[in-house]
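Results of the structural survey
Residue strings, one per chain:
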Amino acid sequence: MSARSTTSAVLDLGEVRAHTLPNGLRLRVLPERSVPTVSYYTFFQVGSRNERLGTTGISHLFEHMMFNGAAKYGPKEFDRVLESRGGNSNAYTSNDVTAYYEDFTADALPTVVDLEADRMRSLRLTAEALEQEREVVKEERRLRTENSIFGLMEEQLEALVFLAHPYRWPVIGWMEDIQRITREDCQAFFRTYYAPSNAAVYVVGDVDADETVALVERLYGDIPAGPAPAPVPQGEPLQRGERRAVVRYPAQAPALLAGWRGPAGRSPDSAALDVLQVCLASGESSRLRRRMVHELELAVSVSVSWGWRIDPGVFLAFAELSPGVSAERADAVLRDELAGIAAKGVAAAEVRRAQALLRSSVLHELATHHGVAHALGQAEALLGDWREAGRALEHYAAVTPRDVRRVAAEYLAPARRCVVVLEPEESR
């Protein structure tokens, strides 16, 4: 991106061309010609929060299905054609969205639009493709969840934090549900969630806005809008005390995972929780790493994460403990550190350090066409407005030590805690 775009306090999105097709497809085009490349992102407003019991994991499974060919470009043709034009692609599924992207040289734009429109219009949903991708996803679940200490613990924790909301099940789904998803389930899912009325396209790079709008209208315009997706249940009950679970798994030492339900991503408190996250566990001088890893030698690693979601998300603290250290002792130190912040707050210098690290992270993302396209899509999907991508820096700059103390006291209160402890067992 140009120097103006990456060094200003707020991303300048004045050049974005926003357009909506008659079928509901939203298009946002940002011409930026410092480098002759383009990033093309398609965000579908569907993730695990839109699923139901019995077909959990269908959003992620469908991400795999999207690479199995359509009417014009058959099986394996998508990547072959794209790579022949010097491009590359990938995709991901989260709790809230499924996103697909291509990065390529500017002259390949008509080919990429044709590829994406083809699979939105006429994806092949064969029984053979479903069985093939089902087995791939089942193996992925075994590797990343069932044979992963953190994966197992995170799955248990989300089920403690959420009793009713669909966030309670994992994005990859339960194994039994993955196994029972049918071709008919996939067809209904495609008609509803992969319709243009549930999608947004972001094009950033060396393009002409008017020509891009005309190209997208020509290739996507005849795809019919889909039915309105079902509303997501919001009846999560009030948590009235700590919830705990134990996971037994072959391991060298115990581990501790604590979580608290936070606000929705669009809450003003989300930025303050990001600052708190950095103060706690980003860098060797952060509070938890300094105390638990270096001073007391209770843990070999400590991490904290706060992920913005459409609905209230989860603030997580994870510690891989040193051999011989009990989870109870490590938990007591974690509770003490958080209670201290809730009571006394953090120093202004800690907040300034966190703001500098967050600013660097934001500017790093906005330094590429790919990063800007992704930031626009995430902002619109999670916060309801693509313009929020240009406001991240001002949100972080506005956070004060008083804000950090307040969100720690409000959201990380003992009565809101959920804790999962890993107890090592011998390998069989």
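Residues numbered from 1 in each chain as written. Predicted model: local features only at pLDDT ≥ 70, side-chain atom pairs only at ≥ 80, totals over all residues. Heavy atoms only, no water.

Here the focus is the overall build of the protein. Counting its secondary structure elements, the protein contains 16 helices and 11 strands. Projected onto the principal axes, the alpha-carbon positions of the protein cover approximately 60 × 50 × 40 Å. Taken over 428 residues, the protein has a buried fraction of 56%. Taking the intrachain contacts of the protein between residues at least 6 apart in sequence as the baseline, contacts between residues at least 24 apart amount to 82%. Surface exposure of the protein reaches about 18,200 Å², of which carbon and sulfur atoms provide 52%. (Helix = DSSP H or I, 4+ residues; strand = E, 2+ residues; numbered from the N terminus. Buried < 20%, exposed > 50% of the residue type's maximum accessible area, 1.4 Å probe, protein only. Contact = heavy atoms within 4.5 Å. Areas by Shrake-Rupley, 256 points an atom, 1.4 Å probe, with all protein chains shown as cover.)

Looking now at the packing of helix α4 (residues 109-122) against helix α9 (residues 209-220). One can describe the packing of α4 onto α9 by two numbers: an axis separation of 9 Å at closest approach and a directional angle of 30°. For the element pair α4 / α9, the angle class is roughly parallel. Here α4 runs over α9; the crossing is right-handed. Residue-level contacts link Leu-109, Pro-110, Val-113, Asp-114, Glu-116, Ala-117, Met-120 and Arg-121 of α4 to Thr-212, Leu-215, Val-216, Leu-219 and Tyr-220 of α9. Residue composition of the contact of α4 with α9, by class: 9 nonpolar, 1 polar and 3 charged. (Axes fitted to C-alpha atoms, helices over the stretch in contact; angles between N-to-C directions. Parallel < 35°, antiparallel > 145°, perpendicular 65-115°, else oblique. Left-handed = near helix turned anticlockwise from the far one by under 90°. Nonpolar A, V, L, I, M, F, W, Y, C, P; charged D, E, K, R; others polar.)

Glancing now at the sheet that holds strand β10 (residues 314-321). Here 5 strands make up an open sheet; going across it, the order is β7-β11-β8-β10-β9 and the pairing mixed. Here the strands that pair on one side only, and so sit at the sheet edges, are β7 (243-250) and β9 (299-306). Recorded for the sheet is a direction-independent mean angle of 15° between the axes of neighbouring strands. By the bridge criterion, 7 bridges tie strand β8 (residues 255-261) to β10 in an arrangement that is antiparallel. What sits directly across from Ala-258, in β10, is Ala-317. Strands β9 and β10 of the sheet are contacted by helix α11 (residues 287-295), whose axis makes an angle of about 160° with β9. (Pairing = 2+ DSSP bridges.)

Another point: the nonpolar core. Of all hydrophobic cores here, the largest spans 67 residues; its most connected members are Val-275, Leu-276, Leu-280, Phe-315 and Leu-376. Here the element with the most residues in this core is helix α10 (residues 269-281); it accounts for 9 residues. The next biggest cluster of nonpolar side chains, apart from the first, holds 51 residues, and it includes Ala-91, Leu-125, Tyr-193 and Val-201. (Core = buried A, V, L, I, M, F, W, Y, C linked by side-chain atoms within 4.5 Å.)

On to the packing of helix α2 (residues 58-65) against helix α8 (residues 183-193). It is the contact of α2 with α8, at a shortest axis distance of 11 Å, that shows an interaxial angle of 85°. Here α2 lies roughly perpendicular to α8, going by the angle between them. Of the residues in α8, those touching α2 at Ile-58, Ser-59 and Phe-62 are Asp-185, Cys-186, Phe-189 and Phe-190. Here the residues of the contact of α2 with α8 are counted per class, giving 5 nonpolar, 1 polar and 1 charged.

Moving on, we come to the sheet that holds strand β1 (residues 17-20). Within the open sheet, the 6 strands sit side by side as β1-β2-β6-β3-β5-β4. Their pairing is mixed. Two strands lie at the open edges of the sheet, namely β1 and β4 (88-93), each paired on one side alone. The mean angle between the axes of side-by-side strands here comes to 15°, regardless of whether they run parallel or antiparallel. Relative to strand β6 (residues 199-205), strand β2 (residues 26-31) runs parallel, the two sharing 6 bridges. Its bridge partner lying in β6, Arg-26 is registered against Ala-200. The sheet strands contacting α9 are β1, β2, β3 (37-44) and β6, and the helix crosses β2 at an angle near 150°.

Right, let's talk about helix α5 (residues 127-146) for a bit. With 20 residues, α5 ought to run about 28 Å at 1.5 Å a step, and its terminal C-alpha atoms sit 27 Å apart, in line with that. Within the sequence span of α5, burial applies to Ala-129, Leu-130, Glu-133, Arg-134, Val-137, Lys-138, Glu-140, Arg-141 and Thr-145. Down the axis of α5, the buried set is contained in an arc of 165°. They therefore lie on one face. Set apart from the buried face of α5 by more than 90 degrees, the exposed residues are Glu-128 and Leu-143. (Expected span 1.5 Å × (residues − 1). Arc of directions from axis to C-beta.)

Right, let's talk about the confidence of the model for the protein for a bit. As a general rule, the predicted coordinates of low-pLDDT regions are not to be interpreted in detail. Scored by pLDDT, the protein comes out at a mean of 95, with 97% of its residues at no less than 70. Scored below 50 in pLDDT, residues 1-10 makes 24 contacts in the model with residues more than four places away or belonging to other chains. (pLDDT = per-residue confidence, 0-100.)

This part is about the pattern of salt bridges. A side chain of one charge can pair with a side chain of the opposite charge when the charged atoms of the two come close. Summed over all chains, the structure comprises 39 salt bridges. Note that Glu-295 is salt-bridged to Arg-290, the shortest N-O span being 3.9 Å. A relative accessible area of 35% means that Arg-290 is categorised as partly exposed. In this structure, Arg-391 engages Glu-388 in a salt bridge whose closest nitrogen and oxygen atoms are separated by 2.8 Å. In the salt-bridge network here, residues are joined through shared partners; they are Glu-242, Arg-244, Asp-331, Arg-335 and Arg-417. (Salt bridge = Lys/Arg side-chain N within 4 Å of Asp/Glu carboxyl O.)

Structurally, His-165 can be placed in the loop between α6 (149-161) and α7 (175-180). Classification of His-165 by relative accessible area gives buried; the value is 5%. For His-165, the side chain forms a polar contact with the side chain of Asp-311, separated by 2.8 Å. Leaving out residues up to four positions away in the same chain, His-165 has contacts with Arg-49, Val-232, Pro-233, Gln-234, Glu-236 and Asp-311. (Polar contact = N/O pair within 3.5 Å; in protein donor to acceptor, adjacent residues only side chain to side chain.)

Within the fold, Arg-28 resides in strand β2. Here Glu-380 takes part through its side chain, which lies 2.9 Å from a polar atom of the side chain of Arg-28. If we skip the residues at most four places from it in the chain, Arg-28 touches Val-16, Arg-17, Ala-18, His-19, Thr-20, Val-201, Tyr-202, Val-203, Glu-380 and Trp-386.

So, on to helix α13 (residues 348-365). Under the 1.5 Å per step criterion, the end-to-end length of α13 is 26 Å for 18 residues, consistent within 8% with the ideal 26 Å. Those residues of α13 that sit buried are Glu-350, Val-351, Ala-354, Gln-355, Leu-358, Val-362 and Leu-363.

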